[in-house]
Amino acid sequence: MKIRNAIHTVIAGAGLLTGMVAHAEIMLNAENPGSVLYQQQQNSPCVIGYNNCNNPSSFGYTEIPNGNSGESYTLTSPNYTVQQIANIVGNAFYIGIDVNTARTTSVGGINYGSETLLSFYATINGTKEFRFTGPLLLAAAANGTGYSDVILKTFDFSGFARNATVTFTASVENASAGPEQFFLVSANPGGPATNVPEPSTIAMLGLGLLGMGFAAKRKAGKQG
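Note that the structure is predicted; figures quoted are calculated from it, not measured.

Conventions and cut-offs
- Residues numbered from 1 in each chain as written.
- Predicted model: local features only at pLDDT ≥ 70, side-chain atom pairs only at ≥ 80, totals over all residues.
- Heavy atoms only, no water.
- Buried < 20%, exposed > 50% of the residue type's maximum accessible area, 1.4 Å probe, protein only.
- Helix = DSSP H or I, 4+ residues; strand = E, 2+ residues; numbered from the N terminus.
- Arc of directions from axis to C-beta.
- Contact = heavy atoms within 4.5 Å.
- Pairing = 2+ DSSP bridges.
- Axes fitted to C-alpha atoms, helices over the stretch in contact; angles between N-to-C directions.
- Salt bridge = Lys/Arg side-chain N within 4 Å of Asp/Glu carboxyl O.
- Disulfide = S-S within 2.5 Å.

**Things to note about helix α2 (residues 82–89)**
Then, number 1: Restricting attention to buried positions, one finds in α2 the residues Val82, Gln83, Ile85, Ala86 and Val89. Burial along α2 is one-sided: seen end-on, the buried residues are contained in an arc of 160°.
Then, number 2: Where the residues of α2 are buried, they touch β6 (80–81), β7 (92–98), β12 (165–175) and β13 (181–186).
Then, number 3: Just downstream of α2 lies Gly90, where phi reads positive at about 85°.

Have a look at this one:
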């Protein structure tokens, strides 16, 4: 009976540990306009953007066609891994959007065009984990300059397996005056990327500790 109870304890403990890595979809917030302190550069690489994106050679992006005024599109980035992203911006980051649109109105000193963000989301291992749902009329505070006009926050990949596959998808309508840039922005500039144990590693560690506890208890029982 004691052995059966101990086995049940081990199984329950493993379930709790693996449950720690379960995820629910996170809805993102938008800062519109964003901070022009965020610039697209190699340590803030594009995931979707124009052919003038400044990216490391090993970090690709999906190029937005330079179409006609009023263009609408839905584009998905290349495949990345969680570790590949963490190596550049850490586990927690934002998406900066450099809007490149014809300005038509001004509200509170901020310029706007007709360009609207319908949605933006991150898919990890085939599941949407982080999503912004619009429509959001995009500010053009400093359009076409390589700086963010809008910020989507916060993506946090700390609980995901390092080898998990990541893609980003943007859906935009009424784009004009040239393509946009969707780029990564570290939420902790200058901070180190944090390596997180794989979920299977956490579970195995938990099972090992529970097993050691069971063995010690059994040995104590024999000595008594």
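**What about the sheet that holds strand β11 (residues 150–156)?**
Then, number 1: Taken in spatial order, the six strands line up as β2-β11-β7-β13-β3-β4 in an open sheet, and their pairing is mixed. For this open sheet the edge positions go to β2 (29–31) and β4 (62–63), each flanked by a neighbour on one side alone.
Then, number 2: Here α2 sits on the sheet in contact with β7 and β13, set at roughly 70° to β13.

**What to know about the pattern of salt bridges**
Then, number 1: Following the criterion strictly, the structure yields two salt bridges and no others.
Then, number 2: Between Glu25 and Arg131 there is a salt bridge, and its shortest N-O distance comes to 2.7 Å. In this pair, Glu25 sits in the loop between α1 (2–19) and β1 (26–27) while Arg131 sits in strand β10 (residues 127–139), placing the two residues 106 residues apart along the sequence.
Then, number 3: Using a relative accessible area of 33% as the deciding quantity, one classes Glu25 as partly exposed.
Then, number 4: Classification of Arg131 by relative accessible area gives partly exposed; the value is 24%.
Then, number 5: Of the charged contacts in the structure, one is a salt bridge between Glu31 and Lys153, with a shortest N-O distance of 2.8 Å. With Glu31 in strand β2 and Lys153 in strand β11, the pair connects residues that are 122 residues apart, well separated along the chain.

**As for the state of the cysteines**
Then, number 1: Counted under the stated rule, the structure contains one disulfide.
Then, number 2: One disulfide bridge connects Cys46 with Cys53, the sulfur atoms lying 2.1 Å from each other. Between Cys46 and Cys53 the sulfur-sulfur dihedral comes to about -80°; the bridge is accordingly left-handed.

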